[in-house]
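Descriptive structure summary
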Number of protein chains: 2
Amino acid sequence: MPESHLRRRAALRTSLRERGLDALLVTDLRNLRYLTGFTGSNGALLLDAEDEAGSTFCTDGRYQQQAGEQVPELALVVDRASALALAAGAGTRRRVGFESQHVTVDALDALAETARPAEFVRAPHLVEALRLIKDDTEVEALRMACAAADRALADLVEQGGLRPGRTEREVARDLEGRMLDHGASGPAFASIVAAGANSAVPHHRPTDAVLAAGDLVKLDFGALVEGYHSDMTRTLVLGNPADWQREVYDLVAAAQAAGRAALRPGAQVRAVDAAARGVIEDAGRGEQFVHGLGHGVGLEIHEAPSLAKTGEGTLSAGMAVTVEPGVYLPGLGGVRIEDTLVVRDTGPELLTLTTKQLVVV
Amino acid sequence: MPESHLRRRAALRTSLRERGLDALLVTDLRNLRYLTGFTGSNGALLLDAEDEAGSTFCTDGRYQQQAGEQVPELALVVDRASALALAAGAGTRRRVGFESQHVTVDALDALAETARPAEFVRAPHLVEALRLIKDDTEVEALRMACAAADRALADLVEQGGLRPGRTEREVARDLEGRMLDHGASGPAFASIVAAGANSAVPHHRPTDAVLAAGDLVKLDFGALVEGYHSDMTRTLVLGNPADWQREVYDLVAAAQAAGRAALRPGAQVRAVDAAARGVIEDAGRGEQFVHGLGHGVGLEIHEAPSLAKTGEGTLSAGMAVTVEPGVYLPGLGGVRIEDTLVVRDTGPELLTLTTKQLVVV
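Residues numbered from 1 in each chain as written. Chains lettered and ligands numbered in written order. Predicted model: local features only at pLDDT ≥ 70, side-chain atom pairs only at ≥ 80, totals over all residues. Heavy atoms only, no water.

Focus: the overall build of chain A
Stated precisely, the cut-off is as follows: Numbering of helices and strands starts at the N terminus; helices are DSSP runs of H or I of at least 4 residues and strands are runs of E of at least 2. What the globule rule says is 2.2 Å times the number of residues to the power 0.38, and the radius of gyration is computed from C-alpha atoms. Using a 1.4 Å probe on the protein chains alone, a residue whose accessible area is under 20% of its type maximum counts as buried, one over 50% counts as exposed, and one in between counts as partly exposed. We call two residues contacting when some pair of their heavy atoms lies within 4.5 Å. Every accessible area reported is derived by Shrake-Rupley at a probe size of 1.4 Å, with residue values counting cover from the shown protein chains alone. Note that His is not counted, nor are the chain ends; the positive residues are Lys and Arg, and the negative ones are Asp and Glu. One atom stands in for each charge, and that atom is NZ of Lys, CZ of Arg, CG of Asp or CD of Glu.
Scanning chain A from terminus to terminus reveals 10 helices and 19 strands. Over its C-alpha atoms chain A spans a radius of gyration of 23 Å, differing by no more than 12% from the 21 Å that the globule rule assigns to 361 residues. Projected onto its principal axes, the C-alpha positions of chain A cover 70 × 40 × 35 Å. Within chain A, the fraction of its 361 residues that count as buried is 55%. Restricting the contact set of chain A to residue pairs at least 6 apart, pairs at least 24 apart contribute 66%. In the structure as shown, chain A presents an accessible area of about 14300 Å², 51% of it carried by carbon and sulfur atoms. Computed over 37 positive and 50 negative side-chain charges, the separation of the two mean positions in chain A equals 1 Å.

Observations regarding the nonpolar core
Residue and element names in this part refer to chain A. Keep this limit in mind: Only buried residues count toward a nonpolar core. Its members are Ala, Val, Leu, Ile, Met, Phe, Trp, Tyr and Cys residues joined through side-chain atoms within 4.5 Å. Either an automatic procedure or a domain database provided the assignment from which the domain bounds are taken.
Residues L12, L16, L24, L45 and F57 are the most contacted members of the largest nonpolar core, which totals 34 residues. Mapped by element, the contributors of at least two residues to this core are α1 (2–18), β1 (23–26), α2 (29–36), β2 (44–48), α6 (126–131) and α7 (136–158). Top contributing element to this core by residue count: α7, with 4 residues. Mapped onto the domain boundaries, this core takes at least three residues apiece from domain 1 (2–131) and domain 2 (136–350). What F57 contacts, discounting residues up to four positions off in sequence, is L32, T36, F38, A44, L45, A67, V71, L74, A75, L76 and V77.

A look at the relation of the copies chain A and chain B
Where we set the bar: What sets the superposition is a least-squares fit of C-alpha atoms, and only residues with pLDDT of at least 70 in both copies go into it.
For the pair chain A and chain B, the relating rotation is 180°, the translation along its axis is 0.0 Å, and the fit reaches an RMSD of 0.0 Å. Here the two chains are linked by the operation of a two-fold rotation axis. Rotation axis and chain A: the residue whose C-alpha lies nearest the axis is T104(A), separated from it by 1.9 Å. Mapped onto chain B, 100% of the interface residues of chain A again fall at the interface, so both copies present the same surface.

A few points about the interface of chain A and chain B
Quick note on the threshold: Buried area, as used here, totals the accessible surface that two parts lose on assembly, with accessibility defined by a 1.4 Å probe and the loss added over both. Salt bridges, as used here, are contacts in which a Lys or Arg side-chain nitrogen is within 4 Å of a carboxyl oxygen on Asp or Glu. Two N or O atoms form a polar contact when they lie within 3.5 Å of each other; inside protein one atom must be a possible hydrogen donor and the other a possible acceptor, and for residues adjacent in sequence the pair counts only when both atoms belong to side chains.
Between chain A and chain B, the contact holds 19 residues from the first and 19 residues from the second. Taken over both partners, the interface formed by chain A and chain B buries close to 1600 Å², and the fraction arising from carbon and sulfur atoms is 50%. Looking only at chain A, the three residues that lose the most surface to chain B are V105(A), D106(A) and R173(A), adding up to 35% of its buried area. Counting every contact that joins chain A to chain B gives 4 salt bridges. Here D181(A) makes a salt bridge to R173(B), at a shortest N to O gap of 2.7 Å. Linking chain A with chain B are 12 residue pairs in polar contact (both at pLDDT 80 or more), by the criterion used here. Looking at the side of chain A that touches chain B, the elements with two or more residues in it are α5 (105–115) and α8 (168–181) of chain A.

Points about the pattern of salt bridges
Residues and elements named next belong to chain A. On inspection of all chains with the given rule, the structure shows 59 salt bridges over all chains. Across the pair R344 and E349 runs a salt bridge whose closest N-O atoms are separated by 2.8 Å. Here R344 falls in the partly exposed class, since its relative accessible area comes to 24%. Note on E349: relative accessible area 21%, which makes it partly exposed.

Notes on the domain arrangement of chain A
Residue and element names in this part refer to chain A. As assigned here, chain A comprises domain 1 (2–131) and domain 2 (136–350). The C-alpha centroid of domain 2 is placed 35 Å from the C-alpha centroid of domain 1. The interface is formed by 6 residues belonging to domain 1 together with 8 residues belonging to domain 2. Summed over both sides, the interface of domain 1 with domain 2 buries roughly 650 Å², with 42% coming from carbon and sulfur.

Details of the packing of α7(A) against α8(A)
Residues and elements named next belong to chain A. The cut-off we apply is this: All axes are obtained by fitting lines to C-alpha atoms, using only the stretch in contact for helices, and the reported angles, taken between N-to-C directions, cover 0 to 180 degrees. Throughout, the term roughly parallel applies to angles under 35 degrees, roughly antiparallel to angles over 145, roughly perpendicular to angles from 65 to 115, and oblique to all others. Whether a crossing is left-handed or right-handed is set by the direction in which the near helix is turned from the far one by less than a right angle, anticlockwise for left-handed and clockwise for right-handed. Under the scheme applied here, ten amino acids are nonpolar (Ala, Val, Leu, Ile, Met, Phe, Trp, Tyr, Cys and Pro), four are charged (Asp, Glu, Lys and Arg), and all others, including Gly, are polar.
The contact between α7 and α8 brings their axes to 8 Å, and the two run at 130°. One way to sum up the angle between α7 and α8 is to call them oblique. The chirality of how α7 crosses α8 is right-handed. Contacts from A148, A149, A152, L153, D155 and L156 in α7 reach V171, D174, L175, R178 and M179 in α8. By residue class, the composition of the contact of α7 with α8 is 8 nonpolar, no polar and 3 charged.

Some words on the side chain of H229(B)
Residues and elements named next belong to chain B. With respect to the helices and strands, H229 occurs in strand β11 (residues 228–229). There is a polar contact of 2.8 Å between the side chain of H229 and the backbone oxygen of G298. Polar side-chain contacts of H229 include one of 3.5 Å to the backbone oxygen of L299. With residues near it in sequence (within four places) discarded, H229 still touches L142, A145, A188, A223, L224, V297, G298, L299, E300 and I301.

Let's talk about the packing of aromatic side chains
For clarity, the threshold we go by: Two rings from Phe, Tyr or Trp (for Trp, the six-membered ring) form a pair when their centres sit within 6.5 Å of each other. Planes less than 30 degrees apart are called stacked, planes more than 60 degrees apart edge-to-face, and all others tilted. Geometrically, a lysine NZ or arginine CZ counts as sitting over a ring once it is within 6 Å of the ring centre and also within 35 degrees of the ring normal.
Summed over all chains, the structure comprises 6 aromatic pairs over all chains. Each ring, one from F98(A) and one from F120(A), has its centre 6.0 Å from the other, and the planes form 65°; the classification is edge-to-face. A residue pair is termed long-range when its members are at least 10 positions apart, and F98(A) in strand β5 (residues 95–98) and F120(A) in strand β6 (residues 119–122) qualify at 22 residues. Per residue, the accessibility class of F98(A) equals that of F120(A), and both read buried. A ring pair is formed by F38(B) and Y63(B), whose centres lie 5.9 Å apart and whose planes are at 90°; its orientation type is edge-to-face. With F38(B) in the loop between α2 (29–36) and β2 (44–48) and Y63(B) in the loop between β3 (56–59) and α3 (64–70), this pair connects stretches of sequence that are 25 residues apart. Neither F38(B) nor Y63(B) differs from the other in exposure class; each is buried. Ring pairs connect the aromatic residues F38(A), F57(A) and Y63(A), which therefore count as one cluster. One cation-aromatic arrangement involves R8(B) over Y34(B); the distance from NZ or CZ to the ring centre is 4.4 Å. One residue, R277(B), lies across the ring of F289(B), its end atom 4.0 Å from the ring centre.

Let's talk about the side chain of D150(A)
Residue and element names in this part refer to chain A. In this structure, D150 sits in helix α7. For D150, which is buried and forms no salt bridge, the nearest opposite charge comes from R234, at a distance of 5.5 Å. D150 has contacts with M232, L351, T352, L353 and T354, leaving out every residue within four places of it along the chain.

Brief notes about helix α10 (residues 269–282) of chain A
Along an α-helix, residues three or four apart share an orientation, since each turn contains 3.6 residues. All names here are of chain A. As a reminder, the rule being used: In a helix, the anticipated span is given by 1.5 Å times the number of residues less one. One axis is fitted to the seven residues ending at the residue and one to the seven starting there. The bend at that residue is the angle between these axes.
With 14 residues, α10 extends 20 Å from end C-alpha to end C-alpha; this agrees with the ideal 20 Å at 1.5 Å per step. Of all the bends in α10, the greatest, near 30°, is centred on A276. All buried positions along α10 are accounted for by V269, V272, D273, A276, R277, G278 and I280. Its buried side turned inward, α10 meets α9 (243–261), β14 (303–307) and β16 (326–329). Count one or two residues on from α10 and you reach G284, which has phi positive near 80°.

What to know about the confidence of the model for chain A
Spelled out, the test is: The predictor attaches a confidence to each residue, and that confidence, scored 0 to 100, is pLDDT.
Summing up the model confidence of chain A, the mean pLDDT is 96 and the portion of residues at 70 or higher is 100%. Per the prediction output, this complex has pTM 0.93; the corresponding ipTM is 0.91.

See the structure below:
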């Protein structure tokens, strides 16, 4: 792990020098974890553009021991106001970048005051730009997170956890517990379990609604492993599927396959969305696919790139994304199928391995 | 519930007029929930300083139905870029306040550009100032959250969930599950379960360390109910307490009682801290109490006021706070005892009702 942090900090230093910055004050905790491995809830890093020796890490007394274990290679300052303490030590530098997408207006006032005569310069998304392309360490964490979710769902189904009479809430709790059993540190987000007509609500939160025979059951969930999020949706049916359920399922599965097939380096993100959306539109159900096709995933559950109609830019090898078309029939039910994948030169690498055949429980 | 939201918005309008603001753009989701009851993950409110009719709520398509149910009384705009959409509609106003403690530097750039010719004015913590004093609806939610934690711990102990051979992680998961059984929507924060020497680490995260006979076991946990957080710490002992365990326990319990007794309207927050800290210092253990005495609690797990040596200001009736002194002996073990209480004219109202006698399991 430490080598990857060194490599990431070196890449960031190159980016700083290209922008004429003498240092970057990193305050977003996800970016801090990416650059150092630190997992505490308070910390900041002043990364010098020239070398490691000029860089300083800060956290408060609660995490002093932890910082010594996780970030032994950087000089440590212990202070509760971590960003301010580093700003106070920035005085000999001229241009210090800050994460303007993360620092609040009030926080900048305080930082700029403290750091004088150093000038604070907007430097948004420099670390996020590096995080777009996942390195091997990151893909391995994503793979473990996806495996925990795969195994949890397999256990749930095999052991009869999905059955008429249970509530959505009971199923969600069962599924989340099974992810912990398989090595997750927690759920990646609040699990969606939506049965029957509720499955037509894209972001339904689990209720005390009871699963019934004939229901579609939509499960959208993921595991958190080493800070990395998996994201998977499967829609199952309790008993023999009705014709309309089978038709909608097959349509969404075809759209999802088309979306996955469009994942290649150089592809426009909106073209990937269009590849899946076109399948649904051709079936006359375009109005029933009410959201974007997918999103990047990593240290955040939603990060760049956005695979959507209005998305900008192209894919590159090493990006991790979801592909998750859905068709929703209000009052009746809906189907969404979602995988987490890594864009590769040789075709997308699938990380969520649960079958996409319609599972009849 | 709707009456309390109307009342809170009316109080905020008074605060806006006092500051010469024509409106406030509310973007912090906790403040949004406080003012409207909306629980989605994307939304914003433009609160007009004059009347309800001039105010507009915005969320995206995922939450359109939910907004209709939770905030039927306000005009609704559906837009994914909720704050920007409201800024675009602010044009006829002159001075629009924004939550400068929450809005990022980049977000302000975009808002100010969109809202021209309206001027965006720093207006930090206006809603937080109202949230300092909990109304009856809020105290009731806190009471339910505290009760869920009380009941979960009672069940855990009665049903043998705290015993040598279990890991810290198993106990944490058991405790969190039991809070869900008692009506919590989730844990209020990542539960701390710290056994033996680990109990000397103030913010220890549960590990696979195994509970052993003779251990102190420190449990710091809480439940989330209707968005409100409870916070309680109890330290128990597995088997007969050693003399030093009993001594430290009694000392912390005495300090905690002194802190609770100092909770009255008009008291300086630092005097409350001093009341508890003095007991520990008088016993020669001041160096072993390494953190502040407590904090406000409500829609956030940590909010104003801060009961600490360096805290500013005084208490008022209706504030909800924790009182949580601790004594930590590195390598040996530690004790912390924490309650959630409401400051009242008639003396503090205790919401966490679990005994503070040393429980021997």
